[in-house]
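Summary of the model geometry
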Amino acid sequence: MSDSSQANDTKSIGKDLIGQLSGAVSGASDHSLGIVGSGASPPHPPTRCLRTCLNNDPGQIQARGCSWLRAAASGRLDAAGLHNARCPYGFHTAACPIRVNGNTAFLLAIDAPPEDHTPTGKPPAEDRYEQVLDELESLSGAFEKVGQLLDENEGLVDEVLRSYEQLNLIFDFTQQIISFTNADEIEKVLLRRLGRLLAAQTVLVVGSQNTYRCYDVSVGKLISDGDASVLTEQLTAELEALRKSRSISVHSSASAHIVIGPLVRLDDRVDMVLASRPPDGDEFTSGDLLLVESLLSFGGQIISNAESHERLRRMSLESTRALVAAIDKKDHYTSGHSERVGYLAKLIGQRMGVPADQLRVLEMSGLLHDVGKIGIPEGILLKPGKLTKEEFEIVRNHPRMGYEILTPIASFGEVLAGVLHHHENPDGSGYPDGLAGEQIPLFARILHVADVFDALTSTRSYRVAFSPEQACEILCKEAGTKLDGEVVAVFLEMIPGLHANPPEELAAIFSSEGTDTGLGGPALRAKEVSHGAG
Amino acid sequence: MSRILVAEDDPHILRVMCLWLSRQGHEVLEARNGLSAWELVQQHRPEILITDINMPGMDGLGLLEKLKGYAHAPRGIVVLTNRWDHREIGQSLAEWGVRVVPKPFSPSKLAELIEQLDRPDALPEVERRQ
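Residues numbered from 1 in each chain as written. Chains lettered and ligands numbered in written order. Predicted model: local features only at pLDDT ≥ 70, side-chain atom pairs only at ≥ 80, totals over all residues.

1. Focus: the overall build of chain B
Short version of the rule: Helix and strand assignments come from DSSP, with helices taken as H or I runs of at least 4 residues and strands as E runs of at least 2, each series counted from the N terminus. Two residues form a contact once the distance between their C-beta atoms, set from the backbone, is within 7 Å.
In terms of helices and strands, chain B carries six helices and five strands. Considering only contacts within chain B whose residues lie at least 6 apart along the sequence, 59% involve residues at least 24 apart.

Take a look at the structure:
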């Protein structure tokens, strides 16, 4: 609700009240009472005047009313008009100034004899004037009180509505905020909300290195650093002092009203938040400060949690990477393999519409899919020739071994299925469980394709690398039997893009040097796709 | 401007809503529970109904049940609900053409809704349901 519409509403209820009051007092009094003046629109002249002079049309005051009525209606009734001014019909009059909606109006009384008494032009007895005046004075006191109460009431209703609006925004905000896990997103939501709650024009974060993040509330996007520094240049010292004391303060200058408060993040880093209103806007109130304080401390907690969550996640990812890299290093031919499988699996999953939080699981599954190889003796792992049946059984045991290594780690629970089943084939010929088709978990199917592709495009102890094109041909051939058809199809769609614009993570595969693009290509060792890949 | 019936058991919320709506020029009727709201609907045939769900005696859902079969039901119905069940209730009432607003309500959003319902071309709920 805008300020202007509120102002209009105030007038309309005032209007209504004057109508109701004049109705009430004219019925309760021997005299005819009315209210006119700039504060009373439309005017309510006394019924007596309405009937005898105005033809029952209150709009006729300026044209047909007596000078007393006209002066009252235009707000220029002087002292002489207040006490027994001249009425053309000789009735006693009295007037009393009052305030209505902050404007001047006059409470008017005219001696109204009983209905059957027709005006004669002769003034009634003088003692009736005293009566008129007494009644008017007590009425004006009461009227003034009612007006005050009404103003207060209006203010209270507005205040309550504003609180409802704020409460609603706060509820929305808390509901919305818990669905975000990214600290930057939360900050954005927090600051926009704060801006709306405060009816601020701009909300600005000043980081500890004097970095700005600035939100123009009306358009909801970042404004330029130039605009931001205009707001802060006078306040640098103040900002640093408040940052130390972690307190809130308010400033009003010719250019803006500003409120500043601390947003305490992880590791006790304190960002300062500024919200500004234009100089012709309202100053910030103590209620606003309370709001800033509670939202910033609540938001700071949530942001710190998200940051801490993110830090732990990164730490776990980094330690996993280090572990996996160490395993891959056992065999220099597989160096970087797990990283690439994780990355490829993530790309495939993305294209298949896997949601963001599950993509992390998928990437992690890729990183860890071969962790069981730690249990394979190097003699077997690095053997250049053909493996014996027993040796081959040991190699085939690596998914199960990986599964067993990871099972005790509760937070890896979601990656287990992919690790255990990344060598299962759609036709049921894979291992360890011989699952077929849809029985194989989706992540395992994705990992299998990523794994085979990376294995084919890497040089191994027994052959040189295939080019991506050759590898794709092999994937095509195996689709539906050894590899999941849908995953292969999605993967092949990605290849032209990867070729045109190879990401850094896949440079080993897609850079033209180092891969054999010659015709024919290296000889494929028997069953490499279904058994020995990775 | 419409004749609006507000059914709400919290006297303060009821008071504020009624003052606010009448200030906007609407004719406002107030009820503290579903039963007296139902009586007022029959007596005065309001064009818009704003009702709470949780009320003593007949609650908001009971009131809506009554209105389902009533020929002179308000043409616009807004239901105020608690936040935690508002999605559920919203879904069950959406096909009915009833608007659902979570509490604490946003006056500006409610005002927007009422403005939509206030237009004379707003279809009566009864017709929209058929």
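Past the structure itself, the notes keep going.
2. Focus on the pairing of strand E8 (residues 257-264) of chain A
All names here are of chain A. The test is simple: Partly exposed residues are those falling between the two cut-offs: more than 12 but fewer than 20 other C-beta atoms within 10 Å of their own, whereas 20 or more means buried and 12 or fewer means exposed, with C-beta atoms placed from the backbone. Paired strands, in this sense, are two strands between which DSSP finds at least two bridges.
Within E8, seven of the eight residues are buried, leaving the element largely enclosed by the surrounding structure. Sheet analysis places strand E7 (residues 249-252) next to E8, joined by four bridges and oriented antiparallel. Considered in E8, the bridge of serine 252 is made with histidine 257. The antiparallel hairpin formed by E7 and E8 contains four residues in its connecting segment. With eight bridges connecting them, E8 and strand E9 (residues 270-277) associate as antiparallel partners. Paired with valine 259 across the strands is alanine 275, a residue of E9. Connecting E8 to the antiparallel partner E9 that follows it, the hairpin turn spans five residues, and aspartate 267 within it adopts a positive phi of roughly 60°.

3. A short note on the nonpolar core
When a protein is soluble and globular, its nonpolar side chains tend to lie buried together. The test is simple: To define a nonpolar core, we join buried Ala, Val, Leu, Ile, Met, Phe, Trp, Tyr and Cys residues through C-beta atoms within 7 Å and take the resulting set.
Residues A:Ile348, A:Ile446, A:Val449, A:Ala450 and A:Phe453 are the most contacted members of the largest nonpolar core, which totals 36 residues. If you list the elements that add at least two residues to this core, you get helix H11 (337-351), helix H12 (356-368), helix H16 (416-421), helix H17 (442-456), helix H18 (468-478) and helix H19 (485-500) of chain A. Among the elements that line this core, the one with the most residues is H17(A), at ten residues. One finds B:Leu5, B:Ala37, B:Trp38 and B:Val41 within the second-largest nonpolar core, a separate group that totals 34 residues.

4. Things to note about unusual backbone geometry
With an omega of 5°, the peptide bond running from A:Tyr431 to A:Pro432 counts as cis. Structurally, A:Pro432 is set in the loop between H16 and H17. With an omega of -5°, the peptide bond running from B:Lys103 to B:Pro104 counts as cis. Of note, A:Asn56 is a non-glycine position whose phi angle comes to about 60°, a positive value. For A:Asn56, the position within the fold is in the loop between helix H2 (47-52) and helix H3 (61-64). Since 8 C-beta atoms lie within 10 Å of it, A:Asn56 is described here as exposed. In this model, A:Asp268 sits at a positive phi of 60°, which is unusual for a non-glycine residue. Positionally, A:Asp268 belongs in the loop between E8 and E9. Since 8 C-beta atoms lie within 10 Å of it, A:Asp268 is described here as exposed.

5. Observations regarding the sheet that holds strand E3 (residues 48-52) of chain B
Residues and elements named next belong to chain B. Which entries qualify depends on this criterion: Angles shown run from 0 to 180 degrees and are taken between the N-to-C directions of axes, each axis being a line fitted to C-alpha atoms and, for helices, limited to the stretch in contact.
Taken in spatial order, the five strands of this open sheet run E2-E1-E3-E4-E5, and their pairing is parallel. Looking at which strands have only one partner, the edges of the open sheet turn out to be strand E2 (27-31) and strand E5 (99-103). Within the sheet, the average angular offset between the axes of one strand and its neighbour, ignoring direction, is 20°. Its contacts with the sheet place helix H1 (residues 11-23) against strand E1 (3-7) and E2, and it is angled at close to 170° to E2. Sitting on the sheet, helix H5 (residues 107-118) is in contact with E3, strand E4 (76-82) and E5, with an inclination near 165° to E5.

6. A short note on the interface of chain B and chain A
Where the parts come together, the accessible area they lose is often given as the size of the interface. Inclusion rule: Basically, the charged four are Asp, Glu, Lys and Arg, the nonpolar ten are Ala, Val, Leu, Ile, Met, Phe, Trp, Tyr, Cys and Pro, and anything else, Gly included, counts as polar.
With 13 residues of chain B in contact, the opposing surface of chain A contributes twelve residues. When residues of the side of chain B that touches chain A are traced back to their parent elements, those giving at least two are H1 and H5 of chain B. Broken down by element, the side of chain B that touches chain A gets its largest block of residues, four residues, from H1(B). Class assignment for the residues of the side of chain B that touches chain A results in seven nonpolar, four polar and two charged.

7. Thoughts on helix H3 (residues 60-68) of chain B
Residue pairs three or four apart in sequence face the same way in an α-helix, which turns once every 3.6 residues. Residue and element names in this part refer to chain B. Basically, it comes down to this: What the arc describes is the spread of directions from the helix axis to the C-beta atoms.
Buried residues of H3: Gly60, Leu63, Leu64 and Leu67, and no others. The buried residues of H3 all sit within an arc of 100° when viewed along its axis, so they share a single face. In this fold, the buried residues of H3 make contact with E1, helix H2 (34-44), E3 and E4.

8. Side note on the pairing of E1(B)
Residue and element names in this part refer to chain B. Heads up, the rule is: Handedness of a crossover is defined as follows: orient the strands so they point away from the viewer, and if the path from the first strand over the helix to the second runs clockwise, the crossover is right-handed.
In terms of burial, E1 is largely enclosed, as four of its five residues are buried. Relative to E2, E1 is paired through five bridges, and the arrangement is parallel. Across the sheet, residue alanine 7 finds its bridge partner in E2, namely alanine 31. Running through H1, the crossover from E1 to the neighbouring parallel element E2 is right-handed. Relative to E3, E1 runs parallel, the two being bridged by four bridges. Opposite leucine 5, over in E3, you have leucine 49 as the bridge partner.

9. A closer look at the confidence of the model for chain A
Just so we agree on the cut-off: Predictor confidence is given residue by residue as pLDDT, running from a minimum of 0 to a maximum of 100.
Scored by pLDDT, chain A comes out at a mean of 81, with 83% of its residues at no less than 70. Taken together, the stretch residues 530-534 of chain A has pLDDT below 50 and engages in 14 contacts with residues farther than four places along the chain or on a different chain.

10. Things to note about the environment of A:Thr459
Among the secondary structure elements, A:Thr459 is positioned in the loop between H17 and H18. Spatially, the C-alpha atoms of A:Thr459 and A:His332 are 9.9 Å apart, while their sequence positions differ by 127 residues.

11. Digging into the packing of H11(A) against H17(A)
All names here are of chain A. Inclusion rule: Note on terminology: angles under 35 degrees are roughly parallel, angles over 145 are roughly antiparallel, angles of 65 to 115 are roughly perpendicular, and the others are oblique. A clockwise turn of the near helix away from the far one marks a right-handed crossing, whereas an anticlockwise turn of less than a right angle marks a left-handed crossing.
At a minimum axis distance of 9 Å, the contact between H11 and H17 shows a crossing angle of 130°. For the element pair H11 / H17, the angle class is oblique. Handedness of the H11/H17 crossing: right-handed. Residues His337, Arg340, Val341, Leu344, Ala345, Ile348 and Gly349 of H11 form the contact with H17, whose own contacting residues are Ile446, Leu447, Val449, Ala450, Asp451, Phe453 and Asp454. Each residue belonging to the contact of H11 with H17 can be placed in one class, and the counts come to nine nonpolar, two polar and three charged.

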